[in-house]
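Read off the chains here:
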Amino acid sequence: ASDVYKRQHIDATIKEDKYRGRLAFQWGTSVNANYAGEITSEKSSNQNTVKHIQEAFVGVKIAKNTWIDAGIFFGNIGHESWISQNNVNYTRAFALDYVPYYSSGVRLTHEFSNRLSVQFQVLNGWQNITENNKDKAIGSQIKFEIVPKLVLTLNQFVGNEAPNNERKQLRLYNNTILEWTALGWLSLAGQFDVGAQKAKQSFIYEPWLKSYDSNLSEYRETRSEVFRQWYHGTIWVSFKLSPDYRLSFRVERFYDPLQVMAVTGTKNGFMSNGYTTTFDILRFDPAMLRLEYVYRRSADSIFEYRNSHTSKKEDFIVAAFTMKF
């Protein structure tokens, strides 16, 4: 069994012809978990404060089909949303848990037509509000409707993810999403991601260096030009059985044997499959009653189990009632 994180939020949104914005505050156990990596700066930021900000951005329209937004906003990578009610499954896939839930910086969005839009971002980094180094990251998005109801989205990220006291560790990431909603009762979506990050520098203990030259350290630094990679893919299928009922399935695979994103300390790293079934009762609109079963299996024993033990598998049932008003 596993604990399922909970979260609530309250927001205010405005969108006019020339300006737009959203301010949203959040709280709950999932907030604590997903903002745990946010650093604290005594000068400008405190983790315990910024974690309660879900979004806080303002935007202005600088041309007919061009917007510029600045502040804190949802990350654009991934098919699923941080807000569970917007997804066909209640829990989120590995595909979203290991990409930014939120970003901070400036983004420029332009619509070339009703079928094609692009976005360019200058960000503080990979899911951080407070800067952890002197470099900025770059993000981009291309969204294209190939034919009506068939949409291809390409998201990219390039940035240094090392703190200032370490050599740069460039991260490259590409996220590809294909969504098909041609039928009112059936929707399909597929996502494939690949990431690569430059290996961290290491130090070799060689005490003879200091005896050779007193100015040298006993440790010799080694630099690596090797990039470590990871992958994950997810497929979603959702059936609208009637106006009141929906049945959805999710199949996923996360492959990170070198433990770039998910550090397990095990032989095979994070190599896991997941299978999810969700039954939604929609008759309470704008609320929803959700019943879900999740099963996950990994190559190594990495999932938390009872009495501080771990297991190769994880499965649980979730019942949730969500509401928007």
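Computed from a prediction, not measured in an experiment: that's the story for all the values here. (Residues numbered from 1 in each chain as written. Predicted model: local features only at pLDDT ≥ 70, side-chain atom pairs only at ≥ 80, totals over all residues. Heavy atoms only, no water.)

Draft legend 1. Just the pattern of salt bridges, in detail. All chains considered together, the criterion is met by eleven salt bridges. Of the charged contacts in the structure, one is a salt bridge between Asp280 and Arg246, with a shortest N-O distance of 2.8 Å. With a gap of 34 residues between them, Asp280 in strand β15 (residues 270-281) and Arg246 in strand β14 (residues 245-256) connect regions that are remote in the sequence. Take Asp280 and Arg246: they sit in the same class, and that class is buried. One network of salt bridges, in which partners are shared, links Asp11, Arg22 and Glu55. (Salt bridge = Lys/Arg side-chain N within 4 Å of Asp/Glu carboxyl O. Helix = DSSP H or I, 4+ residues; strand = E, 2+ residues; numbered from the N terminus. Buried < 20%, exposed > 50% of the residue type's maximum accessible area, 1.4 Å probe, protein only.)

Draft legend 2. The arrangement of the nonpolar core in detail. With 26 residues, the main nonpolar core has Ile77, Val99, Trp126, Ile129, Phe157, Tyr173 and Trp230 as its most contacted residues. Those elements that provide at least two residues to this core are β3 (53-63), β4 (66-74) and α3 (94-97). With sequence-adjacent residues up to four places away left out, Trp230 is seen in contact with Arg171, Tyr173, Asp193, Val194, Gly195, Ala196, Gln197, Phe254, Tyr255, Asp256, Val260 and Met261. (Core = buried A, V, L, I, M, F, W, Y, C linked by side-chain atoms within 4.5 Å. Contact = heavy atoms within 4.5 Å.)

Draft legend 3. Spatial organisation of the side chain of Gln191. Position of Gln191 among the secondary structure elements: in strand β10 (residues 186-198). Gln191 gets classed as buried once you look at its relative accessible area, which sits at 5%. A polar side-chain atom of Gln191 sits 3.1 Å from a polar atom in the side chain of Asp193. Not counting the four nearest positions on each side in its chain, Gln191 is found in contact with Gly78, His79, Ala95, Asn175, Thr176, Ile177, His232, Gly233, Thr234 and Trp236. (Polar contact = N/O pair within 3.5 Å; in protein donor to acceptor, adjacent residues only side chain to side chain.)

Draft legend 4. Main features of the side chain of Ser103. Relative to the helices and strands, Ser103 is located in strand β5 (residues 102-111). For Ser103, a relative accessible area of 5% gives the class buried. Ignoring sequence-local partners within four residues, the contact set of Ser103 consists of Gly71, Ile72, Phe73, Phe74, Gly75 and Leu123.

Draft legend 5. Structural detail: empty space enclosed by the protein. Enumeration over the complete set of coordinates arrives at one cavity of 30 Å³ or more. Considering only enclosed or pocket space, the largest cavity measures out at about 70 Å³ in volume. In terms of lining, the largest cavity is formed by Gly75, Asn76, Ile77, Pro100, Ser103, Gln121, Leu123, Gly139, Ser140, Gln156 and Phe157. Breaking the lining of the largest cavity down by element, the ones donating at least two residues are β6 (116-123), β7 (137-147) and β8 (150-160). For the lining of the largest cavity, a count of residues per class yields four nonpolar, seven polar and no charged. (1 Å grid on protein atoms, 1.4 Å probe; cavity = no way out; pocket = protein on both sides within 12 Å on 5 of 7 lines; lining within 4 Å. Points joined across faces, edges and corners; volume = space filled by probe spheres on them. Nonpolar A, V, L, I, M, F, W, Y, C, P; charged D, E, K, R; others polar.)

Draft legend 6. How the structure looks around the pairing of strand β9 (residues 170-183). In the sheet, β8 pairs with β9 via eleven bridges, with the strands oriented antiparallel. Directly across from Phe157, in β9, lies its bridge partner Tyr173. Of the pairings in the sheet, the one linking β9 to β10 comprises eleven bridges and is antiparallel in character. Bridge pairing in β10 links Asn175 to Asp193. Counting the residues that bridge the hairpin from β9 to β10 gives two residues. (Pairing = 2+ DSSP bridges.)

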